[in-house]
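Reading the structure
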Amino acid sequence: MHRKLAKTPPLGWNSWDCFGAAVNEKQLRENADYMAKYLKPYGWEYIVCDIQWYEPLAKSNDYNNFTELNMDEFGRLMPAENRFPSAENGKGFKEIADYCHSLGLKFGIHIMRGVPRGAVHANLPIKNSKSTCRDIAHHFSVCSWNTDMYGCRGTQAAQEYYNSIFELYAEWGVDFIKCDDICVTEFRKWDNPYSADYEIEMIRKAMDNCGRDMVLSLSPGPAGIENAQHLAQNANMWRMTGDFWDQWDKLHDMFDRCYAWQSYVGNGCWPDCDMLPLGRLAKNASCHGDANRYTNFTKPEQVTMMTLWGIFRSPLMMGGNMPENDEWTISLLTNEEYMNMHRSSYGASQLYRNEKNGRGTVIWQSNGKKCKYIAAFNTDDNKRKITVDLKTILMPDTEYNAYDIWAKEKAGIFKNSIKAEVEPHGAKLFKIMNK
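This write-up is about the structure you can find in this document. Quantities reported herein were computed from a predicted structural model and do not represent experimental measurements. (Residues numbered from 1 in each chain as written. Predicted model: local features only at pLDDT ≥ 70, side-chain atom pairs only at ≥ 80, totals over all residues. Heavy atoms only, no water.)

Quick notes on the overall build of the protein
Using the following cut-off: Numbering of helices and strands starts at the N terminus; helices are DSSP runs of H or I of at least 4 residues and strands are runs of E of at least 2. Radius of gyration here is computed from C-alpha atoms only, and the compact-globule reference equals 2.2 Å multiplied by the residue count raised to the power 0.38. The classification of residues rests on relative accessible area computed with a 1.4 Å probe and restricted to protein chains. Under 20% of the type maximum is buried, over 50% is exposed, and intermediate values are partly exposed.
For the protein, the helix and strand inventory stands at 12 helices and 21 strands. Here the C-alpha radius of gyration of the protein, 22 Å, is about what a compact globule of 435 residues would show, namely 22 Å. For the protein, the spread of C-alpha atoms along the three principal axes comes to 75 × 40 × 40 Å. Per-residue burial for the protein yields a buried fraction of 60% across its 435 residues.

Below, the structure written as structure tokens:
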């Protein structure tokens, strides 16, 4: 059933890249206003509040270890009212969710798997259960980078706790859940770090029975191919990588990630390349670069990122503070031909890769309605003339029209191959049609 909720890759905005752990209500509303005005006509719809929304003292991208968290009498985390004033009197995120819905948008939140340490130490009761939060805590199952939570044991009482939090989220009107510390395969090998597959299943069960449709995104990754079937059975999207930032080496690494996952894309389940670090980033503190910067990616690198995410059909989550977008940034997010490819293409695959020391040419292709899409990537530090052999995917010795999606212009008539000069770390994206 959950696959029906994301028939195409989700499109939205997430607060982490620009506000870190310290996003507030004003910033959420401002980004919702911007999306509704400029991006909604192109399919963008989710406004997602990332981590630490329950922490009164959060102020940057850093986490305050073992800090005070806001929660109710049943150990369920609640928004910090000093940052989200509309949450007062136990209203939670309902007013913000209602505001997003009034704009024709959807609202999402970040959660950590498990139960808050503070709820465990206080031995708070679980709503509609005879058990307490202490009963369900797995004290060895902890996150290596955040001290807020204990993982849960695989018990009925733990299921009752998950049921209680998703009951709360449904009351608030939440449409999207980004659950963290739950699909990594490279840490805590003693504790089935695929973080505990039973916790993913408990979350799926709680979501299915909460009375409200919610898209489920699993983080942080990298998820393992060996878990692909289980991921698809329980989630709508899952991260193929750790946190992605505006650094060329991280972008270049995504060619490997996308190639590995290319056969698992579609049908309501989307391997996730992570957020788009475009526009204004790291407003509260330096994070993987200068504070309050515009993206470190060059314009050609931004085109490469958008092209790879798009032809692969990753979910698209804008990371920058949208009210500060320049014309270039918004042009990347509102290209109609690109958005149509992202929404309706299928069967994307790497066609060719020839690199030496990480520099060279990568070619991807995908299928559209009565067309083909070709992406030509230059991973070299210098301009490169790229020739794409079309004979293996189109009728040989036949003329085709080509449209340059980013330039928004006809690229000419081609037979057997298409040629293009591509900027360093840049890309060309073509729509190929019958003449």
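Examining empty space enclosed by the protein
Just so we agree on the cut-off: The definitions used throughout rest on a 1 Å grid laid over the protein atoms alone, on which a cavity is an enclosed set of points accommodating a 1.4 Å probe that cannot get out and a pocket is an open set flanked by protein within 12 Å on both sides along at least five of seven lines; lining residues are those having an atom within 4 Å of a point. Grid points are joined across faces, edges and corners, and a volume is the space filled by probe spheres set on the points. For this classification, the nonpolar set comprises Ala, Val, Leu, Ile, Met, Phe, Trp, Tyr, Cys and Pro, the charged set comprises Asp, Glu, Lys and Arg, and every other residue, Gly included, is treated as polar.
Applying the stated criterion to the full structure yields 4 cavities of 30 Å³ or more. Estimates place the volume of the largest cavity at around 90 Å³. What lines the largest cavity is Asn-14, Val-48, Phe-176, Lys-178, Ser-217, Ser-219, Met-237, Arg-239, Asp-272, Asp-274, Met-275 and Met-317. Broken down by secondary-structure element, the contributors of at least two residues to the lining of the largest cavity are strand 7 (176-180) and strand 9 (237-239). Looking at the lining of the largest cavity residue by residue, the classes come out as 5 nonpolar, 3 polar and 4 charged.

Focus: the pattern of salt bridges
Once the charged atoms of two side chains with opposite charge are near each other, the side chains can pair. Note the threshold: Salt bridge criterion: a side-chain nitrogen from Lys or Arg within 4 Å of a carboxyl oxygen from Asp or Glu.
This model, assessed by the stated rule, comprises 28 salt bridges. Notably, a salt bridge pairs Glu-95 with Lys-91, separated by 2.9 Å at the nearest N-O pair. Taking the relative accessible area as the measure of exposure, Glu-95 reaches 35% and is therefore partly exposed. A salt bridge links Arg-212 to Asp-175, with the shortest nitrogen-to-oxygen separation between them at 2.7 Å.

As for the packing of helix 2 (residues 25-39) against helix 3 (residues 94-102)
The relative placement of two packed helices is expressed as an angle between their axes plus a distance between the axes. Defined as follows: Angles here are taken between N-to-C directions and fall from 0 to 180 degrees, while the axes themselves are lines fitted to C-alpha atoms, restricted in helices to the stretch in contact. Angles are sorted into four bins: roughly parallel if under 35 degrees, roughly antiparallel if over 145, roughly perpendicular if 65 to 115, and oblique for all others. The contact rule is simple, with two residues in contact once any of their heavy atoms fall within 4.5 Å.
Put simply, helix 2 and helix 3 touch, their axes get as near as 10 Å, and they point 10° apart. One element, helix 2, and the other, helix 3, form an angle in the roughly parallel class. Of the residues in helix 3, those in contact with Glu-25, Leu-28, Arg-29, Ala-32 and Asp-33 of helix 2 are Glu-95, Ile-96, Tyr-99 and Cys-100. Split by residue class, the contact of helix 2 with helix 3 holds 5 nonpolar, no polar and 4 charged.

Here's the deal with the packing of aromatic side chains
Quick reminder of the rule: Here a pair means two rings of Phe, Tyr or Trp (six-membered ring of Trp) with centres within 6.5 Å. Their orientation is stacked below 30 degrees between planes, edge-to-face above 60, and tilted elsewhere.
If you walk through the whole model with that rule in mind, you get 21 aromatic pairs. Their ring planes at 75° and their centres at 5.0 Å tell us that Trp-53 and Tyr-54 sit as a pair that is edge-to-face. Neither residue differs from the other here; Trp-53 and Tyr-54 are each classed as buried. With 5.3 Å between their ring centres and 80° between their planes, Phe-166 and Tyr-169 make a pair best called edge-to-face. Taken together, the positions of Phe-166 and Tyr-169, both in helix 6 (residues 156-172) and 3 residues apart, correspond to about one turn of that helix. Overall, Phe-166 belongs to the buried group, its relative accessible area being 0%.

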